[in-house]
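The residues making up each chain are set out below.
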Amino acid sequence: MGKYPKLSERRACLILDVPRSTMRYQEVPKADETPLRHGVLEVANLYGRYGYRTVFDLLSAAGWQTTEAVVRRIWAEEGLKVPAKQPPRGRLWLHDGSCVRLRPEAPNDVWSYDFVQGHTYCPWRRRWRKFRVLVIIDEYTRECLALHVARHITALDVIDVLSDLMLKRGIPRFIRSDNGPEFVAKILRNWLQSIGTQTAYIEPGSPWQNGYCESFNGKFREQFLNGELFYSLSEARILIEQWRIHYNTVRPHRSIGRRPPAPAVWAVDSTTHNACVPGMARNYVGGSPTARFSQSRRLGKRQGRRREVGSEGSRTRSCGAMNKNRI
């Protein structure tokens, strides 16, 4: 070995305190990660608020042979942002209706519902209008059962939505909610008591006791509502229903084993059937529900803008014709 031809490799490594494996190591060429890198960027661009773990779950479900560590390294090299987690907060006591004391034991055992507020924008009036979304979830399966969108929702509207769901899925044992006026209305409580469903109200001012629904509301607002601009209530209903289907059938949920809450269910209402037609464009996952959701999402927004632009154009032409007649 160089100056010392009679010195063995074992003796030289012992003197220098170097492992022998490093002397015989041969570098293994890295595989081409360009397609995987493009796939990670495509998913991150499509779902801007997803972290690298959810992106890894989506890629694995699409058939990519990779590991979470590789996706994390690519995520860091590309400078992608990881959503910050909220620090846990301890509570001194819990109410009987909280999600800690009353835990779901089976599907269709405990439902929970709440309201989320959104806005539509009128471009020619430059006016924002509020709308409400009634969120209903199954706490055991984490499935979103309904997202009812309307300008105003009363206790009778809540009964109508619940009755339609119970005809399809059965009657739950408990239903959890806060103390909003729509949920504590006497007509709603009497109706739930007549069908055998018990109400589980949380303590006033304690939204953490309705943890399952509040967690879903946060994901719904952060991953969808905050990034959308709705021009009409019909457009909001179509896109929100598409996101609900995506959440139930495509988006992996880590608390239930990194799988969607209802992967085998693809129930499309007649009101949103035209907007959920699979797109012709192929995404990084081919003809999977992710590609269909992204394509139909873009089509729905484009059609909504065309409707608004068309109505504004017709209004302009009618005003021009009136001025011409006056002249």
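See the structure shown above.
An account of the accompanying structure is given in this report. (Residues numbered from 1 in each chain as written. Predicted model: local features only at pLDDT ≥ 70, side-chain atom pairs only at ≥ 80, totals over all residues. Heavy atoms only, no water.)

### Quick notes on the overall build of the protein
Argument step 1. When helices and strands are counted, the protein shows 10 helices and 5 strands.
Argument step 2. Taking all 327 residues of the protein together, the buried fraction comes to 41%.
Argument step 3. In the protein, of all internal contacts separated by at least 6 residues, the share reaching a separation of at least 24 is 63%.
Argument step 4. Within the structure as shown, the protein displays about 19700 Å² of accessible surface, and the carbon and sulfur contribution to it stands at 53%. (Helix = DSSP H or I, 4+ residues; strand = E, 2+ residues; numbered from the N terminus. Buried < 20%, exposed > 50% of the residue type's maximum accessible area, 1.4 Å probe, protein only. Contact = heavy atoms within 4.5 Å. Areas by Shrake-Rupley, 256 points an atom, 1.4 Å probe, with all protein chains shown as cover.)

### Some thoughts on unusual backbone geometry
Note: most residues except glycine have negative phi, and most peptide bonds are trans.
Argument step 1. Even without glycine at this site, Asn108 takes up a positive phi of about 65°.
Argument step 2. Relative to the helices and strands, Asn108 is located in the loop between helix H5 (68-77) and strand S1 (110-122).
Argument step 3. We note that Arg142 has phi near 65°; this positive angle belongs to a residue other than glycine.
Argument step 4. With respect to the helices and strands, Arg142 occurs in the loop between strand S2 (127-138) and strand S3 (144-150).

### Considering the packing of helix H3 (residues 34-46) against helix H4 (residues 52-61)
Argument step 1. It is at 10 Å that the axes of H3 and H4 come closest, and there the two elements cross at 120°. By the angle between their directions, the pair H3 and H4 is classed as oblique. For the crossing formed where H3 meets H4, the hand is right-handed. In this structure, H3 contributes Leu36, Gly39, Val40 and Val43 to the contact, and H4 contributes Val55, Leu58 and Leu59. (Axes fitted to C-alpha atoms, helices over the stretch in contact; angles between N-to-C directions. Parallel < 35°, antiparallel > 145°, perpendicular 65-115°, else oblique. Left-handed = near helix turned anticlockwise from the far one by under 90°.)

### Details of the pattern of salt bridges
Argument step 1. Per the stated rule, a full pass over the model turns up 11 salt bridges.
Argument step 2. Ionic pairing is found between Asp109 and Arg173, a salt bridge with its closest N-O pair at 2.7 Å. Taken together, the residues Asp109 in the loop between H5 and S1 and Arg173 in the loop between helix H6 (155-169) and strand S4 (174-177) connect sequence positions 64 residues apart.
Argument step 3. Classification of Asp109 by relative accessible area gives buried; the value is 7%.
Argument step 4. Linking Glu139 and Arg176 is a salt bridge whose minimum nitrogen-to-oxygen distance equals 2.7 Å. (Salt bridge = Lys/Arg side-chain N within 4 Å of Asp/Glu carboxyl O.)

### Describing the sheet that holds S1
Argument step 1. Strands sit in the order S3-S2-S1-S4-S5 across an open sheet of 5 strands; the sheet is mixed. Strands at the two margins of the open sheet, each flanked by one partner only, are S3 and strand S5 (198-201). On average, adjacent strands in this sheet sit at an angle of 25° to one another, irrespective of strand direction.
Argument step 2. With 12 bridges joining them, S1 and S2 adopt antiparallel strand pairing. By the bridge assignment, Asp114 is partnered in S2 with Val135.
Argument step 3. Along the sheet, helix H8 (residues 211-223) makes contact with S1, S2 and S3, crossing S1 at roughly 25°. (Pairing = 2+ DSSP bridges.)

### A word on the nonpolar core
Argument step 1. Counting 21 residues, the largest nonpolar core has Val133, Leu147, Phe216, Phe220 and Ile240 as its most contacted members.
Argument step 2. For this core, the secondary-structure elements that each account for two or more residues are S2, S3, H8 and helix H9 (233-249).
Argument step 3. Broken down by element, this core gets its largest block of residues, 6 residues, from H9.
Argument step 4. Apart from residues no more than four positions distant in its own chain, Val133 is found in contact with Asp114, Phe115, Val116, Leu147, His148, Val149, Phe220 and Ile240.
Argument step 5. The next biggest cluster of nonpolar side chains, apart from the first, holds 20 residues, and it includes Trp111, Tyr113, Ile153 and Tyr201. (Core = buried A, V, L, I, M, F, W, Y, C linked by side-chain atoms within 4.5 Å.)

### Observations concerning the side chain of Ser112
Argument step 1. Secondary-structure assignment places Ser112 in strand S1.
Argument step 2. Polar side-chain contacts of Ser112 include one of 3.4 Å to the side chain of Glu139.
Argument step 3. Leave out the neighbours within four places in its chain, and Ser112 touches Val135, Ile136, Ile137, Glu139, Arg176, Asn210 and Cys213. (Polar contact = N/O pair within 3.5 Å; in protein donor to acceptor, adjacent residues only side chain to side chain.)

### Focus: the packing of aromatic side chains
Argument step 1. Applying the stated rule across the entire model yields 12 aromatic pairs.
Argument step 2. A ring pair is formed by Phe131 and Phe230, whose centres lie 5.9 Å apart and whose planes are at 70°; its orientation type is edge-to-face. With a gap of 99 residues between them, Phe131 in strand S2 and Phe230 in the loop between H8 and H9 connect regions that are remote in the sequence.
Argument step 3. Of the residues examined, Phe131 reaches a relative accessible area of 0% and is grouped as buried. (Phe/Tyr/Trp six-rings, centres within 6.5 Å; stacked < 30°, edge-to-face > 60°.)

### Remarks on the side chain of Glu143
Argument step 1. Residue position: Glu143 is located in the loop between S2 and S3.
Argument step 2. Relative accessible area serves as the criterion here: at 8%, Glu143 is assigned to the buried category.
Argument step 3. Among all residues touching Glu143, those that are not within four sequence positions of it are Ile136, Ile137, Asp138, Arg169, Asn248, Pro261 and Ala262.

### Some remarks on the pairing of S3
Argument step 1. The element S3 is extensively covered by neighbouring structure, given that 6 of its 7 residues are classed as buried.
Argument step 2. Note: S2 against S3, 6 bridges, orientation antiparallel. Within the sheet, the bridge partner assigned to Arg132 lies in S3 and is Ala150.
Argument step 3. Linking S2 to S3, which pair antiparallel, is a turn of 5 residues; within it Arg142 sits at a positive phi near 65°.

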